[in-house]
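# Inside the fold
One letter stands for each residue in the lines below.
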Amino acid sequence: MTVAVGIFAHQEERRIGLCLGSLPLDRPDTRFHILVNGTTDATVERAQGFAAGRAHVIVHDIAQGGKSRTWNHFVHELLSGEEDAVIFMDGDAEITSGSIDALVADLAAHPQANAAAGMPVNGRQAQIYRRNLKVEGGLFGDLYALPRRFFAAIRERGLRLPDDLIGDDGMVAAWAHTDLERDANWAPERIVACEGAGFRCEPVSVFSPASWHMQYRRMHNYSLRYFQNRILSDIMGREGPAGLPRRMAELYGEWLPRFRPRGGITGWFDRKALARMRAQS
């Protein structure tokens, strides 16, 4: 059994040590790809400290940022295609002990599944998220796994996430649920909620300026993701993955006249997102 782990890290000098420290980096059957992208801080140097003396821990210093763009590079250029399973995780998350084995075992136990989802273990809504993952399926980008059969199909068909997509996990989940077809082919059971695999994220503190900044950026991205998802739903309903653009911005000119901001504080972030989309169209 050969496993690859992709760790996506952008400006993660504060958290990358905790993330890598939670991983079994000495496993001989696992190759760890630390995908540092678009970073100007010390993430690369700190990751290299963990990679020193470990030939199967590779630090990739990727100049251009963007998680979806980096996901494409990892899947299509860095993987050999011979891996039995590929695990995806974020560089600011810590995983619980045994998570890699649990994900691989769940994929083996459910040969028709296209993905296995790691479960959140902290945060005020962790129990709600865990329940939803069990009932409805879905993935968190913090931790999930794909079996060889499924990621091989993605590679063979040349499918790529739009480079500027916000919410790579939602799109990968849709691919898994539909078996790379249109939304009409949706089946929740194609994603397995893995109880033995968990991830811990940095808690948000009302007393921390760093937390405020992080939440502010998240709200911007959530609004942009909301509008992008409306475009994606249309494409996945009519054409499926083959209809996805190289960049979402290619479609903004067509879709912007249909969009309006929502109410309340969400509307403020929506207006920021719509202005950003207009500038990119």
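So, here's what we can say about the structure. Everything quoted here is computed from the prediction, not taken from an experiment.

### Digging into the side chain of Asp-163
Along the chain, Asp-163 falls in the loop between α6 (148-156) and α7 (168-178). Look at Asp-163 and you get buried, because its relative accessible area is 12%. Filtering out sequence-adjacent residues up to four positions away, Asp-163 remains in contact with Ser-68, Arg-69, Asn-72, Arg-246 and Arg-247.

### Observations regarding the sheet that holds strand β8 (residues 191-200)
Judged by pairing direction, the sheet is mixed, and its eight strands sit side by side in the order β3-β2-β1-β4-β7-β6-β8-β5 without closing on themselves. Looking at which strands have only one partner, the edges of the open sheet turn out to be β3 (57-62) and β5 (94-95). Note that strand β1 (residues 3-9) and strand β4 (residues 85-90) share six bridges and pair parallel. Bridging across to β4, Val-3 finds its partner in Ala-85. Packing against the sheet, helix α3 (residues 67-78) makes contact with β1, β2 (30-37), β3, β4 and β7 (143-147), and its axis sits at approximately 145° to β2. Helix-sheet contacts for helix α4 (residues 99-109) involve β1, β2, β4, β5, β6 (115-120), β7 and β8, and the interaxial angle to β8 is about 180°.

### Description of helix α5 (residues 126-136)
Side chains of residues three or four places apart in an α-helix project in the same direction, reflecting 3.6 residues per turn. Turning to α5, its buried residues are Ala-126, Arg-130 and Leu-133. All buried residues of α5 project into a common sector of 60° when viewed along the axis, lining one side. Among the exposed residues of α5, those oriented more than 90 degrees off its buried face are Gln-127, Val-135 and Glu-136. Close packing links the buried residues of α5 with β6 and β8. Once α5 finishes, Gly-137 follows within two positions and takes phi at roughly 80°, a positive value.

### With respect to the pairing of β1
Burial of β1 is extensive: seven of the seven residues sit out of reach of the surface. On β1, burial covers both faces: Val-3, Val-5, Ile-7 and Ala-9 on one face and Ala-4, Gly-6 and Phe-8 on the other are all buried. In terms of strand pairing, β1 meets β2 through seven bridges, oriented parallel. Across the sheet, residue Gly-6 finds its bridge partner in β2, namely His-33. A crossover links β1 with its parallel partner β2, the connecting element being helix α1 (residues 16-21), and its sense is right-handed.

### Thoughts on α7
Of all the eleven residues making up α7, ten are buried; the element is thus mostly covered by neighbouring parts of the structure. Among the residues of α7, Asp-168, Asp-169, Met-171, Val-172, Ala-173, Ala-174, Trp-175, Ala-176, His-177 and Thr-178 are the ones counted as buried. One or two steps after α7, the chain reaches Asp-179, where phi turns positive at roughly 60°.

### What about the environment of Leu-20?
Within the fold, Leu-20 resides in helix α1. Spatially, the C-alpha atoms of Leu-20 and Asp-270 are 35 Å apart, while their sequence positions differ by 250 residues. Contacts of Leu-20, omitting those with residues within four sequence positions, involve Ile-7, Leu-25, Ile-34, Ala-47 and Phe-50.

### Examining the nonpolar core
Residues Trp-71, Phe-88, Leu-146, Ile-154, Met-171 and Trp-175 are the most contacted members of the largest nonpolar core, which totals 47 residues. In contact with Met-171, not counting residues within four places along its chain, are Leu-161, Leu-165, Leu-232, Met-236 and Leu-244. Membership of the second largest hydrophobic core comes to 31 residues, among which are Ile-7, Cys-19, Ala-116 and Phe-199.

### A short note on the packing of aromatic side chains
In the structure shown here, the tally under the stated rule is twelve aromatic pairs. Relative to Phe-88, the ring of Phe-74 has its centre 5.7 Å away and its plane inclined at 85°; by these criteria the two rings are edge-to-face. Placement of Phe-74 in helix α3 and of Phe-88 in strand β4 is noted, with a sequence separation of 14 residues between them. Side by side, Phe-74 and Phe-88 carry an identical accessibility label, which is buried. Grouping aromatic residues by their ring pairs yields a cluster made of Phe-8, Trp-71, Phe-74, Phe-88, Tyr-144 and Trp-175. The ring of Tyr-226 carries Arg-262 above its face, with NZ or CZ at 3.6 Å from the centroid.

Basis of the calculations
- Residues numbered from 1 in each chain as written.
- Predicted model: local features only at pLDDT ≥ 70, side-chain atom pairs only at ≥ 80, totals over all residues.
- Heavy atoms only, no water.
- Helix = DSSP H or I, 4+ residues; strand = E, 2+ residues; numbered from the N terminus.
- Buried < 20%, exposed > 50% of the residue type's maximum accessible area, 1.4 Å probe, protein only.
- Contact = heavy atoms within 4.5 Å.
- Pairing = 2+ DSSP bridges.
- Axes fitted to C-alpha atoms, helices over the stretch in contact; angles between N-to-C directions.
- Arc of directions from axis to C-beta.
- Right-handed = clockwise from strand over helix to strand, strands pointing away.
- Core = buried A, V, L, I, M, F, W, Y, C linked by side-chain atoms within 4.5 Å.
- Phe/Tyr/Trp six-rings, centres within 6.5 Å; stacked < 30°, edge-to-face > 60°.
- Lys NZ or Arg CZ within 6 Å of the ring centre and 35° of its normal.

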